[in-house]
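# Chain and residue survey
Below are the chains, spelled out letter by letter.
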Amino acid sequence: MKTLRDAKIGSTVKVIKLHGEGAVKRRIMDMGITKGVEIYVRKVAPLGDPIEVMVRGYELSLRKADAEMIEIEK
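Let us look at the structure shown here. (Residues numbered from 1 in each chain as written. Predicted model: local features only at pLDDT ≥ 70, side-chain atom pairs only at ≥ 80, totals over all residues. Heavy atoms only, no water.)

## Some points on the overall build of the protein chain
Operational definition: Numbering of helices and strands runs from the N terminus; a helix is a DSSP stretch of H or I covering at least four residues, while a strand is a stretch of E covering at least two. Atoms considered for the radius of gyration are the C-alpha atoms alone. The globule rule reads 2.2 Å times the number of residues to the power 0.38. We call a residue buried when its accessible area falls under 20% of the maximum for its residue type, exposed when it is over 50%, and partly exposed in between, using a 1.4 Å probe and counting protein chains only. The criterion used for residue contact is that any of the two residues' heavy atoms lie within 4.5 Å. Values of accessible area rely on a 1.4 Å probe in the Shrake-Rupley scheme; residue burial ignores everything except the protein chains shown. Just so you know, the count uses Lys and Arg for positive and Asp and Glu for negative, and it drops His and the chain ends. For the purpose of locating charges, the reference atoms are NZ of Lys, CZ of Arg, CG of Asp and CD of Glu.
Counting secondary structure elements, the protein chain contains two helices and five strands. The linear arrangement of helices and strands in the protein chain, starting from the amino end, is β-α-β-β-β-α-β. Taking 74 residues into account, the globule formula puts the C-alpha radius of gyration at 11 Å, and the protein chain, at 11 Å, falls close to it. Once the C-alpha set of the protein chain is aligned to its principal axes, its extents read approximately 30 × 25 × 20 Å. Burial analysis of the protein chain (74 residues in total) assigns 35% to the buried set. Intrachain contacts of the protein chain at a sequence separation of at least 6 include 56% that bridge at least 24 residues. As displayed, the protein chain offers around 4500 Å² of accessible surface, 52% of which is attributable to carbon and sulfur atoms. Within the protein chain, one finds 15 positive and 11 negative side-chain charges whose respective centroids are separated by 1 Å.

Here you go:
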């Protein structure tokens, strides 16, 4: 299983599935990350946390823990 955390800088990936429960999953969905949406990975901080992405035309920063809940395909 590949997650958003595994995506390389400069790549565009597609969301297959969201893992997680309740409020955490709802928060990710509220940010616009849903099944089938494309995400462009812009930057990763030096220690790997957070990850800056572009989704639905806006920039978003995600913690590593949240990025691990987003299953992707290249």
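## Some details on the nonpolar core
Looking at soluble globular proteins, one finds that nonpolar side chains tend to be buried together. Just so we agree on the cut-off: Here, the term nonpolar core denotes a set of buried Ala, Val, Leu, Ile, Met, Phe, Trp, Tyr and Cys residues that are joined through side-chain atoms within 4.5 Å.
Core analysis: the largest hydrophobic core is formed by 19 residues, its most contacted members being Leu4, Ile33, Ile39, Val53, Leu62 and Ile70. Broken down by secondary-structure element, the contributors of at least two residues to this core are strand 1 (12–18), strand 2 (38–44), strand 3 (51–55), strand 4 (58–62) and strand 5 (70–73). With sequence-adjacent residues up to four places away left out, Ile70 is seen in contact with Lys2, Thr3, Leu4, Val15, Lys17, Leu18, Ile28, Ile33 and Leu62.

## A look at the pairing of strand 3
We apply this condition: By the convention used here, strands pair only if DSSP detects at least 2 bridges between them.
Counting buried positions along strand 3 gives four out of five residues, so the element sits mostly inside the fold. Both strand 2 and strand 3 contribute to a ladder of five bridges, which runs antiparallel. Opposite Tyr40, over in strand 3, you have Met54 as the bridge partner. Direction of pairing for strand 3 relative to strand 4: antiparallel, over a ladder of five bridges. In the strand pairing of strand 4, Ile51 is matched with Leu62. Here strand 3 hands over to strand 4 after two residues, with Arg56 in that stretch at a positive phi of 55°.

## Some details on the sheet that holds strand 1
Basically, it comes down to this: Between N-to-C directions, angles span 0 to 180 degrees; the directions come from axes that are lines fitted to C-alpha atoms, helices contributing only their stretch in contact.
In space, the five strands of this open sheet follow the order 4-3-2-1-5, with antiparallel pairing throughout. Each having just a single partner strand, strand 4 and strand 5 make up the two edges of the open sheet. Strand-to-strand twist across the sheet, computed as the mean angle between neighbouring axes with direction ignored, equals 45°.

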